[in-house]
Amino acid sequence: MNIIDVRGLSRTYKKFTAVDSINFSVAPGECYGLLGTNGAGKTSTLEVLEGLAAPSAGTVEVLGGDPRRDRVTLRPRMGIMLQRGGLPSGLTVRETMKLWAGTCSNPQPADAVLDQVDLLHKADTKVGALSGGEQRRLDLACALLGGSELIFLDEPTTGLDPESRRNVWRLLRELKESGVTMVLTTHYLEEAEYLCDRLCILHRGRIELEGTLAELVETRASEIVLEPALVPETHASQAIYEGDRVIVHTNNLVTDTHGILAWAQDNGVTYTHFAARPATLEDVFLSIAEGVK
Ligand SMILES: Nc1ncnc2c1ncn2[C@@H]1O[C@H](COP(=O)(O)OP(=O)(O)OP(=O)(O)O)[C@@H](O)[C@H]1O
């Protein structure tokens, strides 16, 4: 049984459709990534899954129930990290954790969780005196405090320095390995590649692409870059010339690389620059964002 099933979900704000009839499922233990440009509908989708908003149309099942109707029983089984935590600034970090623990049915030891997010040394500091990145890590600590089987993370590492981001990635990967199911939104494609088993790219409220990283990347052509700009006749239709270079677009990277190099050897052509690279998640993302499918 899936942990999350979304069927025909739409969310509208007055006449504006922010989420437009989307379908997806998340299996137990999976880390599912929602990607998309600003305003694509990621947070609007997450809020429905978290039970914070009602769908305008469609159905959502989370942990076998309806996240709004069954909120009282489901809420303690979910960890939620909102895009803006909004924790009271006058409490200390440890007081905040204590307060938060009151909402959890099975709270973990607060100091151990603070240690996991590298905030134990700030336990007696007021929330209002934390840096932006430290506040974000406290938001994460609150989401982890319940030891939940399902965690929603809305841009978990925004505002973190590179080292803290890596530490959070390691922590989330460990959680995933322990069987926790996660749904996360992020603008960091590297984060999505590192953490997510499957990705969904939203654009203007619709799902443009969904699948594993390998499946997504396969939808876009690979490139072979050559200098001087000489290619066999058989590849002329795939070639784009840029100054001294030519870029050959291909869906058969290995075969075409062999073919071009064999042709070069037979014809006495020596390439001073040669690079063969598969498409990246960034290529996929940008082609969707720019409306090229
Ligand atoms: N309360 C609201 N009233 C009206 N429109 C809203 C409201 N909340 C969100 N929207 C609009 O819905 C669209 C989707 O917003 P949402 O926050 O879900 O996008 P997002 O993908 O999470 O974006 P970001 O990456 O910028 O966080 C946006 O165009 C936004 O302006």
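- You'll find the protein entered in an unreviewed UniProt entry as ABC transporter ATP-binding protein, with Corynebacterium phoceense given as the organism.

Description of helix 10 (residues 281–289)
Then, number 1: Burial in helix 10 covers these residues: L281, V284, F285, S287 and I288. Seen end-on, helix 10 carries its buried residues on one side only, within an arc spanning 165°.
Then, number 2: Where helix 10 is buried, its residues touch strand 3 (31–36), helix 7 (189–195), strand 8 (198–203), strand 9 (206–211) and helix 8 (213–218).

A look at the site of the ligand
Then, number 1: In the vicinity of the ligand lie 14 residues, with G39, K42, T43, S44 and H187 positioned nearest.
Then, number 2: In the environment of the ligand, an oxygen atom lies 2.9 Å from a nitrogen or oxygen atom belonging to the side chain of N38.
Then, number 3: Q83 is positioned with one of its side-chain polar atoms (N or O) 3.2 Å from an oxygen atom of the ligand.
Then, number 4: Contact with the protein chains removes 61% of the 640 Å² of surface that the ligand exposes when unbound.

Here's the deal with the packing of helix 5 (residues 132–145) against helix 6 (residues 162–177)
Then, number 1: The geometry of helix 5 relative to helix 6 is characterised by a closest axis approach of 12 Å and an angle of 10° between their N-to-C directions. Between helix 5 and helix 6, the angle falls in the class roughly parallel. Counted together, R137, L140 and L144 of helix 5 and S164, V168, L171, L172 and L175 of helix 6 form the full contact between these two elements.
Then, number 2: Taken together, the residues that form the contact of helix 5 with helix 6 break down as six nonpolar, one polar and one charged.

A few points about the side chain of R165
Then, number 1: Among the secondary structure elements, R165 is positioned in helix 6.
Then, number 2: We note that R165 is buried and unpaired, the nearest opposite charge coming from E191 at a distance of 4.5 Å.
Then, number 3: A polar contact is formed between the side chain of R165 and the side chain of Y188, at a distance of 2.8 Å.
Then, number 4: Those residues within four positions of R165 in sequence are excluded, and the remaining contacts are T157, L160, Y188 and E191.

Comments concerning unusual backbone geometry
Then, number 1: In this chain, E227 is followed by P228 through a cis amide linkage whose omega measures 5°.
Then, number 2: Inspection of the secondary structure puts P228 in the loop between strand 10 (222–227) and strand 11 (239–242).
Then, number 3: Notably, K14 is not glycine yet its phi reads approximately 50°, a positive angle.
Then, number 4: With respect to the secondary-structure elements, K14 resides in the loop between strand 1 (4–13) and strand 2 (16–26).
Then, number 5: With phi around 50°, L63 is a residue other than glycine that occupies positive phi space.
Then, number 6: Turning to its location among the elements, L63 is positioned in the loop between strand 4 (57–62) and helix 2 (71–74).

Regarding the pairing of strand 10
Then, number 1: Of all the six residues making up strand 10, five are buried; the element is thus mostly covered by neighbouring parts of the structure.
Then, number 2: Two elements, strand 10 and strand 12 (residues 245–250), share five bridges in a ladder whose sense is antiparallel. The partner of E223 across the bridge, within strand 12, is H249.
Then, number 3: Bridge count for strand 10 against strand 13 (residues 273–277) is five bridges, and the pairing is antiparallel. Bridge pairing in strand 13 places I224 opposite A276.

Here we look at the pairing of strand 9
Then, number 1: Relative to strand 9, strand 8 runs antiparallel, the two sharing five bridges. Considered in strand 9, the bridge of I201 is made with L209.
Then, number 2: Counting the residues that bridge the hairpin from strand 8 to strand 9 gives two residues, and of these R204 lies at a positive phi of roughly 50°.

Here we look at the domain arrangement of the protein
Then, number 1: Segmentation of the protein into domains returns domain 1 (4–217) and domain 2 (220–290).
Then, number 2: Averaged C-alpha coordinates put domain 1 and domain 2 at centres separated by 40 Å.
Then, number 3: Counting from both sides, the interface comprises 14 residues of domain 1 and, opposite them, nine residues of domain 2.
Then, number 4: With both chains or domains summed, domain 1 and domain 2 bury close to 990 Å², and 80% of this area falls on carbon and sulfur atoms.

Some words on the sheet that holds strand 7 (residues 181–185)
Then, number 1: Here six strands make up an open sheet; going across it, the order is 5-6-7-3-8-9 and the pairing mixed. Two strands lie at the open edges of the sheet, namely strand 5 (78–81) and strand 9, each paired on one side alone. Direction aside, neighbouring strands of the sheet carry axes that sit 15° apart on average.
Then, number 2: Sheet strands in contact with helix 10 are strand 3, strand 8 and strand 9, and its direction is about 25° off that of strand 8.

Considerations on the packing of aromatic side chains
Working definition: an aromatic ring pair is given by the centre-to-centre distance plus the angle between the planes.
Then, number 1: Following the criterion strictly, the structure yields two aromatic pairs and no others.
Then, number 2: Both rings, one in F24 and one in Y32, keep their centres 4.9 Å apart while their planes meet at 10°; by these two values the pair is stacked. The pair formed by F24 and Y32 is uniform in burial state, with each residue classed as buried.
Then, number 3: One cation-aromatic arrangement involves R165 over Y188; the distance from NZ or CZ to the ring centre is 3.7 Å.
Then, number 4: Of note, R173 hangs over the ring of Y194, and the distance from its end group to the ring centre comes to 4.0 Å.

Analysis parameters
Residues numbered from 1 in each chain as written. Predicted model: local features only at pLDDT ≥ 70, side-chain atom pairs only at ≥ 80, totals over all residues. Heavy atoms only, no water. Buried < 20%, exposed > 50% of the residue type's maximum accessible area, 1.4 Å probe, protein only. Helix = DSSP H or I, 4+ residues; strand = E, 2+ residues; numbered from the N terminus. Arc of directions from axis to C-beta. Contact = heavy atoms within 4.5 Å. Near = heavy atom within 4 Å. Polar contact = N/O pair within 3.5 Å; in protein donor to acceptor, adjacent residues only side chain to side chain. Areas by Shrake-Rupley, 256 points an atom, 1.4 Å probe, with all protein chains shown as cover. Axes fitted to C-alpha atoms, helices over the stretch in contact; angles between N-to-C directions. Parallel < 35°, antiparallel > 145°, perpendicular 65-115°, else oblique. Nonpolar A, V, L, I, M, F, W, Y, C, P; charged D, E, K, R; others polar. Lys, Arg positive; Asp, Glu negative; His and termini not counted. Salt bridge = Lys/Arg side-chain N within 4 Å of Asp/Glu carboxyl O. Pairing = 2+ DSSP bridges. Domains from an automatic or database assignment. Buried area = accessible area lost by both parts, 1.4 Å probe. Phe/Tyr/Trp six-rings, centres within 6.5 Å; stacked < 30°, edge-to-face > 60°. Lys NZ or Arg CZ within 6 Å of the ring centre and 35° of its normal.

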